[in-house]
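Chain by chain, the residues run as shown.
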Amino acid sequence: MNTQLLTALPPGQRQLPDAKNPFRGQHLKRLLRADLLTVIAWASVAAAVALWLADGGASGFSTLAGSLTALGIVAGLTGMDLVLLMLLLAARLPFIDGAVGHDRALEFHRKLGKPSLYLLLAHGVLIAIGYGMNDGLDPVSEAVNLWVQVPDMWLAYVGMALFIAVVVTSLVAVRRRFPYEFWYAVHLLTYAAVLTSIPHQFSVGGLFAAGTWQRWYWLAACIGTGAALLHYRVIEPIVATTRHKLTVSRVVREAPGVVSIEMTGRHLNELTGAGGRFFIWRFLAPGMWWHPHPFSLSAEPVQLGAGGSLRVTVRNLGKGSAQLARLKRGTKVAVEGPYGLFSTAARSRKQVVMIGAGIGITPIRALLESTPFGPGDATVILRGHSEKELYLGQEVMDLCRRRGATLFHLTGRRPEGVQTWLPAEAARSGYRLASYAPNITEADVYVCGPATWAQNVLADARSAGVREEQLHYERFDW
């Protein structure tokens, strides 16, 4: 193990005395926004059912067949409302992104997938049973009858099949059997599934009859969701790409399998202050233009007049990222973002601890450059198997010296059979995260690196008494 300690207090400066926490206000506002989102989500489900009951839906519970049909309608309304919530969580709305972060929004999105599917399946089964009892048919015959006789019902069946395909391909066990491009393409079928399931809601049985509150509610919900997706997933990326006019200026080899891609563009001051937040990049070269790459900046953009430059640093972790080392100068770049909460926007404390491993050091480097702190209030820990894996390590050291942060280099392999993020020697010596950052319970903790390693760091922080609100770990993917 090689451990380096740099206590970086610039000559003539002393650690600033404790002052009022400058991040308390923004932290409380972010918690309030997160609570508000939760209330809105539950309220939307309640409103969907309440409006149906208000329009006479409760009368269906007078008979067994009517009760099954009514329960089927409630399941369908609830399931469809959850599907719209899923789409909004994936729409990259700034309000949602700023409240819970990109990865947590997508985590909630994924968790809603199975309940939505089960509710929609229950909707179809209960409706077939309830209608079948009224018509004297078994559920299968009634389902066929609905397909043949009812306008737009065949679209609902197609939508159900698409929903099943989306949920099945989203399961981790299945995703690992196919390349990313396959399941991502199938995942886009969610939009087709929603579009094909909407028509029968307005044309079957007068459920959303003209003049009812239900009709206005669902029209507003569907149109609003579609408009949000169109604006934030299509229009804004096109506008950003057109405005910034990013072009690859050069590709620099940082280490074996690691390169920095430098780009020039316009109005890059609008992208400053993003810290460790990530962007989605598409390099418009043959064979690459369709592949999105979620990378954080590895340095704050440099603005020179109307133009400027910025940089991302990437590691060869697959076919897509391996191609980036061969990018040619002049390649045009499409950009979306920034996204996520791995930035100053997530700060809740005056002190900060930043921990990065491997290519996860690059967002830490960007965050170190931009997030506010006084001399002595920041601790930076870089982790790698060797010094060569401490990517951009010299830049990080220079920043720590300039800003007055404490820096640790931890190198060496982890011990076998032990769940730890530390090198073997440090783990055997009883070191913990608090050994490097004694005041960690009073600090925000940012962690970026391989998933299993990062979870070990977070577990160590929790065991030291760090509260959940102080932990910031975001996977830069979708």
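Below, the structure is looked at part by part.

Criteria and thresholds
- Residues numbered from 1 in each chain as written.
- Predicted model: local features only at pLDDT ≥ 70, side-chain atom pairs only at ≥ 80, totals over all residues.
- Heavy atoms only, no water.
- Helix = DSSP H or I, 4+ residues; strand = E, 2+ residues; numbered from the N terminus.
- Buried < 20%, exposed > 50% of the residue type's maximum accessible area, 1.4 Å probe, protein only.
- Areas by Shrake-Rupley, 256 points an atom, 1.4 Å probe, with all protein chains shown as cover.
- Pairing = 2+ DSSP bridges.
- Axes fitted to C-alpha atoms, helices over the stretch in contact; angles between N-to-C directions.
- Expected span 1.5 Å × (residues − 1).
- Bend = angle between axes of the 7 residues up to and from the residue.
- Patch = residues over 30% accessible without salt bridge, like charges linked within 9 Å, V, L, I, M, F, W, Y side chains within 5 Å.
- Salt bridge = Lys/Arg side-chain N within 4 Å of Asp/Glu carboxyl O.
- Phe/Tyr/Trp six-rings, centres within 6.5 Å; stacked < 30°, edge-to-face > 60°.
- Lys NZ or Arg CZ within 6 Å of the ring centre and 35° of its normal.
- Left-handed = near helix turned anticlockwise from the far one by under 90°.
- Contact = heavy atoms within 4.5 Å.
- Nonpolar A, V, L, I, M, F, W, Y, C, P; charged D, E, K, R; others polar.

## Some details on the overall build of the protein chain
Turning to step 1, where the next piece is worked out: Each helix and strand in the protein chain was counted, giving 18 helices and twelve strands.
Turning to step 2, where the next piece is worked out: Relative to its full complement of 478 residues, the protein chain shows a buried share of 49%.
Turning to step 3, where the next piece is worked out: Accessible area for the protein chain stands at about 22,700 Å²; split by element, carbon and sulfur atoms hold 61% of it.

## Looking at the pairing of strand S4 (residues 278–283)
Turning to step 1, where the next piece is worked out: Across the six residues of S4, five count as buried, placing the element largely inside the fold.
Turning to step 2, where the next piece is worked out: Two strands pair when backbone bridges link them, and S4 and strand S5 (residues 293–304) are joined in this way by four bridges, in the antiparallel orientation. The residue bridging Phe 279 from the neighbouring strand is Phe 295, located in S5.

## Overview of the sheet that holds strand S6 (residues 307–315)
Turning to step 1, where the next piece is worked out: Read once around its circumference, the closed barrel built from six strands follows the order S2-S3-S6-S5-S4-S7, with strand pairing classed as antiparallel. Across this sheet, the average inter-strand angle for adjacent strands is 40°, counted without regard to direction.

## Observations regarding helix H12 (residues 213–244)
Turning to step 1, where the next piece is worked out: Over its 32 residues, H12 extends 44 Å from the first C-alpha to the last, a length consistent with the 46 Å expected when each residue adds 1.5 Å.
Turning to step 2, where the next piece is worked out: Most pronounced at His 231, the bend in H12 amounts to some 35°.
Turning to step 3, where the next piece is worked out: Looking only at H12, the buried set comprises Gln 214, Tyr 217, Trp 218, Ala 221, Cys 222, Thr 225, Ala 228, Leu 229, Pro 237, Ala 240 and His 244.
Turning to step 4, where the next piece is worked out: Looking one or two residues beyond H12, the residue adopting positive phi is Lys 245, at roughly 45°.

## A look at a nonpolar patch on the surface
Turning to step 1, where the next piece is worked out: A contiguous nonpolar surface patch, about 590 Å² in accessible area, is contributed by Val 140, Val 144, Trp 147, Val 148, Trp 154 and Val 158.
Turning to step 2, where the next piece is worked out: Contributions of two or more residues to the nonpolar patch are made by helix H6 (139–149) and helix H7 (153–170).
Turning to step 3, where the next piece is worked out: With four residues, the top contributor of residues to the nonpolar patch is H6.
Turning to step 4, where the next piece is worked out: Note that Val 140 resides in helix H6.
Turning to step 5, where the next piece is worked out: You can call Val 140 exposed: its relative accessible area is 61%.

## Considerations on unusual backbone geometry
Turning to step 1, where the next piece is worked out: In the segment running from Gly 337 into Pro 338, the intervening peptide bond is cis, with an omega of 10°.
Turning to step 2, where the next piece is worked out: Topologically, Pro 338 is positioned in strand S7 (residues 332–339).
Turning to step 3, where the next piece is worked out: Backbone geometry at Arg 92 places phi at a positive 60°, although glycine is not the residue there.
Turning to step 4, where the next piece is worked out: Residue position: Arg 92 is located in the loop between helix H2 (64–89) and helix H3 (94–100).
Turning to step 5, where the next piece is worked out: Looking at Arg 92, the relative accessible area reads 8%, which means it is buried.
Turning to step 6, where the next piece is worked out: A positive phi is found at Lys 245, a non-glycine position, where the angle reads about 45°.
Turning to step 7, where the next piece is worked out: By secondary structure assignment, the location of Lys 245 is in the loop between H12 and strand S2 (246–255).
Turning to step 8, where the next piece is worked out: Under the relative-accessibility criterion, Lys 245 is labelled partly exposed at 45%.

## Observations regarding the packing of aromatic side chains
Turning to step 1, where the next piece is worked out: Summed over all chains, the structure comprises ten aromatic pairs.
Turning to step 2, where the next piece is worked out: Considering the side-chain rings of Phe 279 and Trp 281, the 5.4 Å spacing of their centres and the 45° angle between planes classify their relative orientation as tilted. For the pair shown, Phe 279 and Trp 281 are each scored as buried.
Turning to step 3, where the next piece is worked out: For the pair Tyr 431 and Tyr 436, a centre-to-centre distance of 5.7 Å together with 25° between the ring planes defines the contact as stacked.
Turning to step 4, where the next piece is worked out: For Tyr 431, a relative accessible area of 40% gives the class partly exposed.
Turning to step 5, where the next piece is worked out: Among the aromatic residues, ring-to-ring pairing joins Phe 408, Trp 421, Tyr 431, Tyr 436 and Trp 453 into one connected group.
Turning to step 6, where the next piece is worked out: The ring of Phe 373 carries the charged tip of Arg 403 above its face, separated from the ring centre by 3.9 Å.

## Some words on the environment of Leu 32
Turning to step 1, where the next piece is worked out: Along the chain, the position of Leu 32 falls in helix H1 (residues 24–54).
Turning to step 2, where the next piece is worked out: Between the alpha carbons of Leu 32 and Ala 99 there is a distance of 8.3 Å; along the sequence they are 67 residues apart.

## Points about the packing of H2 against helix H10 (residues 189–197)
Turning to step 1, where the next piece is worked out: Packing of H2 against H10 leaves a shortest axis separation of 11 Å and a crossing angle of 145°. The element H2 and its partner H10 pack so that their crossing is left-handed. Contacts between H2 and H10 involve Met 80, Val 83, Leu 84 and Leu 87 on the former and, on the latter, Thr 190, Tyr 191, Val 194 and Ser 197.
Turning to step 2, where the next piece is worked out: In terms of residue class, the contact of H2 with H10 is built from six nonpolar, two polar and no charged.

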